[in-house]
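# Per-entry structural report
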Amino acid sequence: MALLEVKNLGISFGGLRAVNGFDISIEKEALYGLIGPNGAGKTTVFNLLTGVYKPDSGKVLLDGTDITGKNTIEINKAGIARTFQNIRLFKQLSVLDNVKVGLHNKHHYSTLSGVLRLPGYRKVEKEMDEQAMELLKVFNLEDVAHVAASNLPYGQQRRLEIARAMATEPKLLLLDEPAAGMNPNETGELMDMIRFVREKFHMTILLIEHDMKLVSGICEKLTVLNFGEVLCEGKTSDVLNDPQVVTAYLGE
Amino acid sequence: MSFISYLINGISLGSVYAIIALGYTMVYGIAKMLNFAHGDVIMIGAYMALITMMKAGMSPILAIVAAVIVCTVLGILIERIAYKPLRNASSSLAVLITAIGVSYLLQNTALLVFGANAQTFPSVIKWKGLSLAGGKLNISGETIVTIAACVVIMIVLMLFVQKSKPGQAMRAVSEDKGAAQLMGINVNGTIALTFAIGSALAAVAGVLLCSAYPSLTPYTGAMPGIKAFVAAVFGGIGSIPGAFIGGILLGVIEIFGKAYISSQMADAIVFAVLIIVLLVKPTGLLGKKIQEKV
Amino acid sequence: MDKLKNMKKTTKNNIITYALVIAAFVIMQSLINAGSISSLLEGLMVPLCIYIIMAVSLNLVVGVLGELSLGHAGFMCVGAFASAFFSKCMRDTIESASLRFFLALLIGIAAAAIFGILIGIPVLRLKGDYLAIVTLAFGEIIKNLVNVLYIGKDSNGFHFSTKDVMALNMEPDGKVIINGPQGITGTPKDATFFIGFILILITLFIVLNLIHSRDGRAIMAIRDNRIAAESVGINITKYKLMAFTISAAMAGAAGVLYAHNLSTLTANTNNFGYNMSIMILVFVVLGGIGNIRGSIIAAVILTLLPEMLRGLSDYRMLIYAIVLIVMMLFNWAPKAIEWREKYLSFGKKKKEAVK
C-alpha cells in the first residue's frame with residue numbers, strides 16, 4: 001500500500017479554484033517530484049497536506065490513516081514534516097536549538113522539572129543534545145551548532161530547515177523548492193544529501209522544484225500540476241518528454 | 001427627552017472620535033502601524049489654538065488654522081524622525097514601542113511647557129445653538145458644529161481618496177508598497193501626506209473636543225486617542241466610512257454607559273466593546289480579511 | 001568540546017546575573033545598616049525590587065514570547081488587591097507576620113495567574129498591535145473595576161457592592177475592607193527589602209531556567225516563527241498561555257510587595273494603570289528586549305538616577321520617553337544596524353545565539 005494516498009483534493013479561495021481534483025499516490029521510500037509552472041498550485045497542495053489550509057473536498061490517507069482536515073500540529077504528529085519556500089527558521093535560536101525544537105514532541109519532561117532542574121530535565125536534555133548533534137552531523141552542520149540560525153549562509157539555512165523537519169521523525173518529508181537560490185555546486189551537494197537522507201532514514205520524500213537538473217537527477221516519479229489540476233504523472237523521463245508538459249511550461 | 005439629549009451628546013462626542021479615528025485609520029491603512037502618538041497630537045493642537053486665542057488674541061478661525069499648521073508639521077516630523085527609519089525593521093514591535101515613546105515625549109514636553117494644571121479652553125463656537133420642544137431640548141452650537149464638521153470631513157476625505165491622484169496613490173501604497181513603488185508612486189511622499197492629513201484632522205478634533213469639554217491638560221489627548229483607535233477597529237481598520245460609523249457608535253455607547261450604567265465604568269465599557277469586537281469580528285464592521293501567506 | 005564550552009557560557013551568564021543581584025543587595029543592606037544612606041533612598045528599595053520583578057516578568061512576554069503587553073500593571077493590581085484583602089481580613093487571626101505574608105503572597109500570585117489565564121485565552125488569539133491594545137484595554141478595565149468595588153464584613157459575613165459604602169447594608173459592627181476609590185487602608189506593612197530581594201532571586205531562577213528548558217525553547221520558537229513552530233508540532237496556544245500566565249503570576253508577586261509596602265492601597269493611573277505598564281516597558285527596552293540581566297540593570301539605573309540627581313526628577317518622564325525612542329531607533333532601524341555592524345563590529349564576525 002502507498003504511504004501517501006490523496007484522492008480528489010481541492011480548495012477554493014473566493015471564486016478561484018486553486019487546487020481541483022488532485023490525486024497522488026506515493027510509495028514508501030519514493031523520491032517524488034511535484035512540478036508545474038508558477039502559480040499552478042504546488043505550494044497550495046503542500047499547505048493542504050500539512051493542514052495550513054483545510055481542503056473543501058477530497059481525502060488524504062497517510063500510511064492508511066485518514067488525516068483529512070486535521071490541523072498542522074496533528075498532521076506533524078501523524079508523520080508529515082516540511083520545509084518552506086521562503087526559509088522559516090527560528091532565527092534567534094542556535095542551530096542546535098532549532099533542531100531541538102524539532103525534537104520537542106519526541107522527548108518529554110514537565111515544566112516544573114525544567115524550572116527546578118530536576119534529574120529528569122538533565123537526562124532528557126542530554127538525550128536531546130545527543131540526538132540533535134547526530135542529526136546536525138548528517139547535515140554537515142555540527143561545526144555551527146552554536147551559531148544563531150540567522151547568521152548562517154543561505155545554503156546552510158536550507159539544510160538546517162531539512163534537519164529540523166527530520167527531527168520530528170516524519171514518515172513523509174515535503175521539501176518546497178529546496179534548491180531555490182542555490183548555485184549549481186550547492187544544488188549538486190543538495191541532491192547528494194537528499195539521496196542520502198532517503199537511504200539513511202528510509203524516508204519518503206515529495207518535493208516541489210523548478211530546477212529541472214535536480215528533478216531529473218533524483219526524482220523517480222513526477223506529477224505535473226497546471227492551473228490547479230493534475231496534467232499528467234508517471235516516470236520522470238516519460239513525464240518530461242510528454243508534449244503536454246512541454247507546452248504547459250513553454251506556452252503554445 | 002433625556003434619552004434624545006443623551007443620544008445627541010453621544011453623536012457629538014462620537015463625531016470627535018470619528019474625526020480622530022479617520023486620521024488613525026488612514027495612517028494604519030498605509031503605514032501599517034498603530035500611531036500611539038496620534039492622540040497627543042490632538043492635545044498639542046488644542047494648546048496651539050489656546051495660545052493663539054489667549055496670548056496672541058487672534059480670532060477662533062485663525063486659531064484653528066494655526067493649530068492645523070502646527071500639527072501638520074509635527075505629524076510630518078514625527079513620521080520622518082521616529083517612524084520612517086523603522087519602516088523595514090525586522091520586528092513590528094519596534095515601531096509600536098517607538099510610537100509609545102513619541103506619545104510620552106509629547107505629553108511630557110507639554111507638561112514642562114504648559115504645566116499640569118487644567119486650563120480653561122474658550123469655545124471657538126459663539127453660536128448658542130438650538131432650543132427645541134419649547135426649551136425642553138437644548139442642542140448647543142458646539143454639538144451641531146462638531147457633527148456637521150465630522151460629516152463634511154468624511155465626505156471630503158472619501159472623495160479625495162477615491163477621485164484625486166494623491167488619493168489613488170494612497171490606496172495603491174496601502175495595497176502593496178513595493179508594487180506602488182515600481183509603478184512610479186512616491187511612497188515616502190504618500191506616507192508623509194497621510195500623516196499630514198491625519199495630524200491636521202487631529203488638530204481640528206482637538207479644538208472641537210476642547211470646545212465641548214473645556215478643560216485642557218497634557219493628558220487630554222491620550223484617552224480620546226485610544227478610544228478613537230477603538231472606534232477605528234470597531235468600524236474596520238483602514239475603512240473611512242468604518243471609522244465614521246465606529247466613532248459615532250462608540251460615542252453613543254460611552255454616553256449611554258455613563259448615563260444608564262455607571263459614570264465610573266464608562267471607559268471600561270468602551271474597552272469592553274473593543275475586546276468583544278476583536279474577539280468576535282477582528283476585521284470590524286466594514287473591514288476586509290487578510291490572510292497570512294505561507 | 002564545543003558543546004561543553006557553550007553550556008558553560010549560558011551557565012556563566014546566569015551566574016553573573018545572580019551574583020550581580022546578590023552583590024547589589026549586600027552592598028545596599030550594609031549601607032542601610034551603617035546608616036550611611038538617606039531615608040529617601042532607603043524607602044526606594046522595596047519599590048525598586050517591585051520594578052525589577054515587573055521588568056523581568058514583562059521581558060518574559062515581550063522578549064521571550066515576542067508579544068507586547070501594555071496591561072501588565074493590571075496583573076500587579078490583581079495581586080496587590082487580592083493579597084491586601086487577605087492580609088487585612090487575617091490581620092488579627094494570623095499572628096505571625098511572616099506566615100501571613102507568605103499566605104498573602106501565594107494568594108496574590110494565584111489571583112494574578114488566574115487573571116492571566118482568563119485574559120490570556122482570548123487575547124493570545126490576536127497578534128501584534130491588536131494584542132497590545134487589548135492588553136491595554138484589560139489593564140484599564142481591571143483598574144476601573146477595582147475603583148468601583150466595595151467590600152465590607154460584619155457579623156453576617158461579607159457584603160459586596162459596586163455603588164458605595166451605604167449599599168453594603170452592613171450591621172453597625174461592620175467594617176469596610178475595600179472602599180471603592182479609597183481602596184484598602186491599614187494593610188500590614190510586611191514587605192521588606194530582604195523579602196523583595198528573595199522574590200527577585202526566585203523570579204530570576206524561574207525565568208532563566210524556563211528559557212533554557214524544552215518549554216522555553218518552544219516559546220522562543222513561536223516568537224521567531226509561528227508558522228514553522230506549528231509545522232514541527234508545537235502547540236502555539238499552550239505555550240503562549242504558559243508564558244503569559246507565568247508572567248502574570250510574577251507581576252502578581254510584585255503587586256503583593258507593593259500592597260504590603262504602603263498603608264493605603266488605591267488603584268490609579270500611576271501605580272496600576274497605563275503609566276506603570278509603560279514605565280516597565282521602558283526598563284525592558286533599555287535593558288535590551290529579551291535580555292533579562294539588562295532589564296534589572298535598566299530598572300535600577302532609571303529608578304535611582306532621577307532620585308539621586310534631584311534636578312532630574314522633573315524631567316524623569318521626558319527622559320524615559322527619549323530613552324524609549326532613541327533605543328528603539330538605535331537597536332531596530334535597519335540603517336542603524338548596518339552602521340553598527342560597519343563601525344562597532346568589535347572584530348566578532350559570527351554572533352552567538354541569543355538565549
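Residues numbered from 1 in each chain as written. Chains lettered and ligands numbered in written order. Predicted model: local features only at pLDDT ≥ 70, side-chain atom pairs only at ≥ 80, totals over all residues.

Our working rule: UniProt positions are given in the numbering used here, feature names are shortened, and annotations may be inferred rather than shown by experiment.
Chain C is annotated in an unreviewed UniProt entry as Branched-chain amino acid ABC transporter permease protein from [Ruminococcus] torques CAG:61. Of the comments in the UniProt record for chain C, the one headed Subcellular location (unreviewed entry) reads "Cell membrane".

An unreviewed UniProt entry annotates chain B as Branched-chain amino acid ABC transporter permease protein originating from [Ruminococcus] torques CAG:61. What the UniProt record of chain B gives under Sequence similarities (unreviewed entry) is the line "Belongs to the binding-protein-dependent transport system permease family. LivHM subfamily."

## Looking at the UniProt feature "transmembrane region" (unreviewed entry) in chain B
Residues and elements named next belong to chain B. To keep things clear, this is the line we draw: What counts as a helix is a DSSP run of H or I of at least four residues, what counts as a strand is a run of E of at least two, and both are numbered from the N terminus.
The UniProt record annotates "transmembrane region" (unreviewed entry) at residues 6–27, 60–81, 93–117, 137–161, 191–216, 228–256 and 268–287. Span residues 137–161 is 84% helix and 12% strand, its end C-alpha atoms 38 Å apart. Taken end to end, residues 228–256 comprises 86% helix and 0% strand; its first and last C-alpha atoms sit 17 Å apart.

## Re the interface of chain C and chain A
Put simply, the rule is: Once C-beta atoms have been placed from the backbone, residue pairs whose C-beta atoms lie within 7 Å are recorded as contacts. Ten residues, namely Ala, Val, Leu, Ile, Met, Phe, Trp, Tyr, Cys and Pro, are considered nonpolar, four, namely Asp, Glu, Lys and Arg, are considered charged, and the remaining ones, Gly among them, are considered polar.
Between chain C and chain A, the residue contacts involve 30 residues of the former and 35 residues of the latter. If you tally residues by element for the side of chain C that touches chain A, the top one is helix H8 (residues 214–224) of chain C, at seven residues. Taken together, the residues of the side of chain C that touches chain A break down into 13 nonpolar, seven polar and 10 charged.

## Some points on the nonpolar core
For clarity, the cut-off: For this analysis, nonpolar core means a set of buried Ala, Val, Leu, Ile, Met, Phe, Trp, Tyr and Cys residues linked through C-beta atoms within 7 Å. Counting other C-beta atoms within 10 Å of its own, a residue is labelled buried from 20 upward, exposed at 12 or fewer, and partly exposed in the gap between, with every C-beta atom placed from the backbone. An automatic or database domain assignment supplies the residue ranges for each domain.
Core analysis: the biggest nonpolar cluster contains 300 residues, and Leu22 of chain B together with Cys49, Ile53, Ala55 and Leu324 of chain C have the highest contact counts within it. Per-domain counts for this core show at least three residues from each of domain 1 (1–78 + 169–251) and domain 2 (88–167) of chain A. Not counting the four nearest positions on each side in its chain, Ala55 of chain C is found in contact with Ile280, Phe283, Val284, Ser295, Ile296, Ala298 and Ala299 of chain C.

## A look at the sheet that holds strand E3 (residues 175–179) of chain C
All names here are of chain C. For clarity, the cut-off: Here the rule is simple: two strands pair whenever DSSP picks up at least two bridges between them. Under this scheme, a helix contributes an axis fitted over its contacting stretch, all axes are lines through C-alpha atoms, and angles between N-to-C directions fall in the 0 to 180 degree range.
The three strands lie next to each other as E2-E1-E3, forming an open sheet whose pairing is antiparallel. Each of the sheet's edge strands pairs with one partner strand only, and the pair in question is strand E2 (157–161) and E3. Within the sheet, the average angular offset between the axes of one strand and its neighbour, ignoring direction, is 20°. As defined by bridge partners, strand E1 (residues 150–154) adjoins E2 across five bridges and the pair is classed as antiparallel. Residue pairing across strands places Lys153 opposite Phe158, the latter belonging to E2.

## Some remarks on the packing of helix H3 (residues 95–102) of chain A against H8 of chain C
Rules: These descriptions rest on fixed angle ranges, namely under 35 degrees for roughly parallel, over 145 for roughly antiparallel, 65 to 115 for roughly perpendicular, and the rest for oblique.
The contact between H3 of chain A and H8 of chain C brings their axes to 10 Å, and the two run at 105°. As judged from the angle between their axes, H3 of chain A and H8 of chain C are roughly perpendicular. Taken together, the residues of H8 of chain C that come into contact with H3 of chain A (itself represented by Asp97, Lys100 and Val101 of chain A) are Arg217, Ala218 and Ala221 of chain C. Residue classes in the contact of H3 of chain A with H8 of chain C are distributed as three nonpolar, no polar and three charged.

## Details of the interface of chain C and chain B
Between chain C and chain B, the contact holds 33 residues from the first and 35 residues from the second. Elements with a contribution of two residues or more to the side of chain C that touches chain B: helix H6 (128–147), helix H12 (274–287), helix H14 (316–332) and helix H15 (334–343) of chain C. Considering every element that reaches the side of chain C that touches chain B, the biggest residue donor is H6 of chain C, with 12 residues. A class-by-class count of the residues in the side of chain C that touches chain B yields 27 nonpolar, three polar and three charged.

## Regarding the sheet that holds strand E4 (residues 57–62) of chain A
Residues and elements named next belong to chain A. If you walk across this open sheet you meet the four strands as E2-E1-E4-E5, and the pairing is antiparallel. In the strand order of this sheet, the two ends are held by strand E2 (16–26) and strand E5 (65–66), each with one partner. Note: E4 against E5, two bridges, orientation antiparallel. Paired with Leu61 across the two strands is Asp66, which belongs to E5. Lying over the sheet, helix H1 (residues 42–49) contacts strand E1 (4–13), E2 and E4, oriented at roughly 70° with respect to E2.

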